[in-house]
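Observations on the three-dimensional arrangement
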Amino acid sequence: QLQASGGGLVQAGGSLRLSCAASGSIFSINAMGWYRQAPGKQRETVAVVTTGGSTNYAASLKGRFTISRDTVKNTVYLQMNSLKPEDTAVYYCNAGSGTLWSGPYDYWGQGTLVTVSS
(Lines give C-alpha, C1' and ligand atoms only; values in the text may rest on other atoms or scores of the structure.)
Protein backbone atom coordinates (compact mmCIF):
# COMPACT_ATOMS: atom_id res chain seq x y z
CA GLN A 1 0.00 0.00 0.00
CA LEU A 2 0.96 3.63 -0.36
CA GLN A 3 0.76 5.93 2.63
CA ALA A 4 0.83 9.64 1.89
CA SER A 5 1.30 12.43 4.38
CA GLY A 6 2.22 16.08 4.58
CA GLY A 7 -0.80 17.93 3.27
CA GLY A 8 -2.35 20.84 5.07
CA LEU A 9 -3.21 24.50 4.99
CA VAL A 10 -0.59 27.01 3.94
CA GLN A 11 -0.59 30.64 2.90
CA ALA A 12 0.24 31.63 -0.62
CA GLY A 13 3.99 31.77 -1.08
CA GLY A 14 4.57 29.10 1.52
CA SER A 15 5.94 25.59 1.21
CA LEU A 16 4.85 22.06 1.96
CA ARG A 17 6.52 18.70 1.63
CA LEU A 18 4.51 15.61 0.82
CA SER A 19 5.75 12.11 1.51
CA CYS A 20 4.54 8.75 0.29
CA ALA A 21 5.88 5.43 1.48
CA ALA A 22 5.26 2.14 -0.29
CA SER A 23 4.96 -0.93 1.86
CA GLY A 24 3.41 -4.32 2.08
CA SER A 25 2.73 -6.33 -1.03
CA ILE A 26 3.69 -3.77 -3.62
CA PHE A 27 6.28 -5.21 -5.95
CA SER A 28 8.18 -4.11 -9.00
CA ILE A 29 7.95 -0.41 -8.38
CA ASN A 30 10.22 1.52 -10.65
CA ALA A 31 8.17 4.69 -10.96
CA MET A 32 6.57 6.81 -8.28
CA GLY A 33 4.79 10.06 -8.63
CA TRP A 34 2.14 12.53 -7.65
CA TYR A 35 -1.12 13.49 -9.28
CA ARG A 36 -3.61 16.07 -8.13
CA GLN A 37 -7.25 16.85 -8.57
CA ALA A 38 -8.72 20.23 -7.83
CA PRO A 39 -12.44 20.72 -7.20
CA GLY A 40 -14.35 20.53 -10.45
CA LYS A 41 -11.26 19.68 -12.48
CA GLN A 42 -9.74 16.57 -13.96
CA ARG A 43 -6.86 14.80 -12.35
CA GLU A 44 -3.50 15.95 -13.63
CA THR A 45 0.07 14.79 -13.41
CA VAL A 46 2.24 16.70 -10.99
CA ALA A 47 5.55 14.87 -11.18
CA VAL A 48 7.02 11.41 -11.62
CA VAL A 49 10.41 9.94 -10.74
CA THR A 50 11.87 6.60 -11.74
CA THR A 51 14.25 4.33 -9.90
CA GLY A 52 17.02 5.64 -12.11
CA GLY A 53 16.32 9.19 -11.06
CA SER A 54 14.67 10.46 -14.22
CA THR A 55 11.93 12.98 -13.58
CA ASN A 56 8.96 14.39 -15.39
CA TYR A 57 7.03 17.46 -14.28
CA ALA A 58 3.92 19.23 -15.36
CA ALA A 59 5.29 22.14 -17.33
CA SER A 60 3.43 24.69 -15.24
CA LEU A 61 4.92 23.38 -12.01
CA LYS A 62 8.53 22.93 -12.95
CA GLY A 63 10.71 25.25 -10.94
CA ARG A 64 8.37 25.40 -7.97
CA PHE A 65 7.91 21.69 -7.27
CA THR A 66 10.66 19.12 -6.81
CA ILE A 67 10.15 15.37 -6.71
CA SER A 68 12.68 13.06 -5.13
CA ARG A 69 12.84 9.45 -4.15
CA ASP A 70 14.53 7.29 -1.54
CA THR A 71 14.77 3.91 -3.24
CA VAL A 72 15.91 2.17 -0.07
CA LYS A 73 12.89 3.37 1.85
CA ASN A 74 10.64 3.13 -1.20
CA THR A 75 9.46 6.62 -0.43
CA VAL A 76 8.75 9.52 -2.75
CA TYR A 77 8.72 13.17 -1.72
CA LEU A 78 7.24 16.26 -3.28
CA GLN A 79 8.68 19.59 -2.17
CA MET A 80 6.28 22.35 -3.09
CA ASN A 81 7.51 25.93 -2.89
CA SER A 82 5.97 29.29 -3.73
CA LEU A 83 2.55 27.76 -3.44
CA LYS A 84 -0.38 29.47 -5.11
CA PRO A 85 -4.11 29.24 -4.41
CA GLU A 86 -4.49 27.36 -7.69
CA ASP A 87 -2.32 24.59 -6.25
CA THR A 88 -5.18 23.74 -3.92
CA ALA A 89 -6.14 20.14 -4.62
CA VAL A 90 -6.14 16.63 -3.32
CA TYR A 91 -2.72 15.18 -4.07
CA TYR A 92 -2.47 11.46 -4.76
CA CYS A 93 0.60 9.29 -4.57
CA ASN A 94 0.96 6.78 -7.38
CA ALA A 95 3.44 3.98 -8.01
CA GLY A 96 4.06 0.96 -10.16
CA SER A 97 5.99 -0.52 -13.01
CA GLY A 98 6.39 1.53 -16.13
CA THR A 99 8.30 4.19 -17.91
CA LEU A 100 8.58 7.82 -17.02
CA TRP A 101 5.77 8.57 -19.48
CA SER A 102 3.41 5.64 -18.98
CA GLY A 103 1.68 6.74 -15.79
CA PRO A 104 -0.51 6.64 -13.94
CA TYR A 105 0.58 3.30 -12.56
CA ASP A 106 -1.18 0.48 -10.77
CA TYR A 107 -1.07 1.58 -7.17
CA TRP A 108 -2.70 4.61 -5.57
CA GLY A 109 -2.41 6.05 -2.13
CA GLN A 110 -5.10 7.88 -0.27
CA GLY A 111 -5.26 11.53 -1.18
CA THR A 112 -3.82 14.24 0.96
CA LEU A 113 -5.45 17.66 0.83
CA VAL A 114 -3.35 20.73 0.16
CA THR A 115 -5.10 24.04 0.68
CA VAL A 116 -3.36 27.28 -0.23
CA SER A 117 -5.00 30.41 1.10
CA SER A 118 -4.62 33.77 -0.57
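In this report, the structure presented in the accompanying data block is examined. Here the residue index of a chain counts from 1 through its sequence in written order. Residue-level local features of this predicted model are given only where pLDDT is at least 70; pairs of side-chain atoms are given and counted only at 80 or more, and the full residue set underlies all totals for whole chains, interfaces and linings. Hydrogens and water are ignored here; the side-chain numbers use all heavy atoms of the structure.

1. Description of the pairing of strand β4 (residues 31–37)
Relative accessibility thresholds used throughout: buried, under 20% of the residue-type maximum; exposed, over 50%; partly exposed, between the two (1.4 Å probe, protein chains only). Every helix listed is a DSSP run of H or I at least four residues long, and every strand listed is a run of E at least two residues long, numbered separately from the N terminus. Among the seven residues in β4, six count as buried, and that is most of the element. Of the strand pairs in this sheet, β4 and strand β5 (residues 44–50) are connected by six bridges, and their pairing is antiparallel. Bridge assignment links Tyr35 to a residue of β5, and that residue is Thr45. When DSSP locates at least two bridges between a pair of strands, those strands are taken to pair. The loop that links β4 with its antiparallel partner β5 comprises six residues; one of these, Gly40, has a positive phi angle of about 75 degrees. Here β4 pairs with strand β9 (residues 89–96) via seven bridges, running antiparallel. Along β9, the bridge assignment pairs Ala31 with Gly96.

2. As for the pattern of salt bridges
We count a salt bridge whenever a side-chain nitrogen from Lys or Arg sits within 4 Å of a carboxyl oxygen from Asp or Glu. Scanning the model with the defined rule gives three salt bridges in all. As a salt-bridge pair, Asp87 and Arg36 come within 3.0 Å of each other at their nearest N and O atoms. Taken together, the residues Asp87 in the loop between β8 (75–80) and β9 and Arg36 in strand β4 connect sequence positions 51 residues apart. Asp87 sits in the buried class, given a relative accessible area of 1%. The closest approach of N and O atoms between Asp87 and Arg64, which form a salt bridge, is 2.8 Å. Of this pair, Asp87 sits in the loop between β8 and β9 while Arg64 sits in the loop between β6 (55–57) and β7 (65–70); the two residues are 23 residues apart in sequence, bridging distant segments of the chain. For Arg64, a relative accessible area of 13% puts it in the buried group. Among the ionic contacts, a cluster of salt bridges with common partners joins Arg36, Glu44, Arg64 and Asp87.

3. Description of the environment of Leu100
When you line up the elements, Leu100 lands in the loop between β9 and β10 (107–108). It is 7.1 Å that separates the C-alpha atoms of Leu100 and Thr55, two residues lying 45 residues apart in sequence. Apart from residues no more than four positions distant in its own chain, Leu100 is found in contact with Val48, Thr50, Ser54, Thr55, Asn56 and Tyr105. Here, residues are in contact when the closest pair of their heavy atoms is within 4.5 Å.

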